[in-house]
Amino acid sequence: MAEPLGEFIRVQRGLAQLSLRQLSELADVSNAYLSQVERGLYEPSAQVLKGIAEGLQISAEELYARAGLLDEEVRRTSVEEAVRLDGRLTPDQKDAL
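Conventions adopted
- Residues numbered from 1 in each chain as written.
- Predicted model: local features only at pLDDT ≥ 70, side-chain atom pairs only at ≥ 80, totals over all residues.
- Heavy atoms only, no water.
- Axes fitted to C-alpha atoms, helices over the stretch in contact; angles between N-to-C directions.
- Helix = DSSP H or I, 4+ residues; strand = E, 2+ residues; numbered from the N terminus.
- Parallel < 35°, antiparallel > 145°, perpendicular 65-115°, else oblique.
- Contact = heavy atoms within 4.5 Å.
- Core = buried A, V, L, I, M, F, W, Y, C linked by side-chain atoms within 4.5 Å.
- Buried < 20%, exposed > 50% of the residue type's maximum accessible area, 1.4 Å probe, protein only.
- Salt bridge = Lys/Arg side-chain N within 4 Å of Asp/Glu carboxyl O.

Enquirer: Explain the packing of helix α2 (residues 20–27) against helix α3 (residues 31–38) to me, and be specific about the residues and the numbers.
Expert: A pair of packed helices can be characterised by two numbers: the angle between their axes and the separation between those axes. Where α2 meets α3, the axes come as close as 9 Å, and the angle between the chain directions of the two elements is 105°. Classified by the interaxial angle, the pair formed by α2 and α3 is roughly perpendicular. On the side of α2, the interface is formed by Leu20, Arg21, Leu23 and Ser24, while α3 contributes Asn31, Leu34, Ser35 and Glu38.

Structure below.
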């Protein structure tokens with residue numbers, strides 16, 4: 001089963017080494033709202049997801065797909081593209097993913 005959206009955002013925030021406060025500022029949402037999104041209490045709008053994606057420097061399409069706003073084929077393409085374009089990953093890490 002796929003990881004819940006809020007958990008995915010929390011994990012990505014940790015990987016980006018951002019505090020809840022830092023990401024909320026980057027995404028232009030309140031700390032409290034972002035915390036509730038991460039805990040699965042709220043489903044954010046596409047606009048909020050876009051802001052979160054920009055703050056995390058990940059594909060907005062990935063968040064849209066995880067939120068059920070895009071179909072699986074689009075998600076697969078965007079994940080592959082995101083891995084390929086991620087400058088933080090080594091070639092071996094990209095191959096593993």
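Alright, that's what it looks like, and here's the rest.
Enquirer: I'd like a description of the nonpolar core, backed by residues and values.
Expert: Counting residues in hydrophobic clusters, the biggest one holds 17 residues, and the most contacted among them are Ile9, Leu23, Leu34, Leu49, Ile52, Leu56 and Leu63. Here this core takes five residues from helix α4 (residues 46–56), the largest share from any one element. Contact partners of Leu63, with chain neighbours within four places excluded, come to Leu5, Phe8, Ile9, Leu49, Ile52, Ala53 and Ile58.

Enquirer: An account of the pattern of salt bridges is requested, with residue identities and associated values reported.
Expert: Inspection of the entire model under this criterion finds four salt bridges. A salt bridge links Arg66 to Glu62; the shortest N-O distance between them is 2.4 Å. Linking Arg66 with Glu62, this pair stays in helix α5 (residues 60–66), spanning four residues, or about one helical turn. Take Arg66: its relative accessible area is 21%, and that puts it in the partly exposed class. Classification of Glu62 as buried rests on a relative accessible area of 8%.

Enquirer: Summarise α4; cite the residues concerned and give the values.
Expert: Turning to α4, its buried residues are Val48, Leu49, Gly51, Ile52, Ala53, Gly55 and Leu56. Looking at the buried residues of α4, the elements they touch are α1 (5–15), α2, α3 and α5. One or two positions beyond α4, positive phi appears at Gln57, with a value near 55°.

Enquirer: Lay out unusual backbone geometry in plain terms, naming residues and giving numbers.
Expert: The bulk of non-glycine residues show a negative phi, and the bulk of peptide bonds are trans. A positive phi angle, close to 60°, is found at Asp28, a residue other than glycine. With respect to the secondary-structure elements, Asp28 resides in the loop between α2 and α3. Its relative accessible area of 69% is what places Asp28 among the exposed residues. Even without glycine at this site, Gln57 takes up a positive phi of about 55°. According to the relative accessible area criterion, Gln57 is exposed, its value standing at 65%.

Enquirer: Break down the environment of Asp86 for me, citing the residues and quoting the values.
Expert: Structurally, Asp86 is set in the loop between α6 (72–85) and α7 (91–96). Note on Asp86: relative accessible area 17%, which makes it buried.

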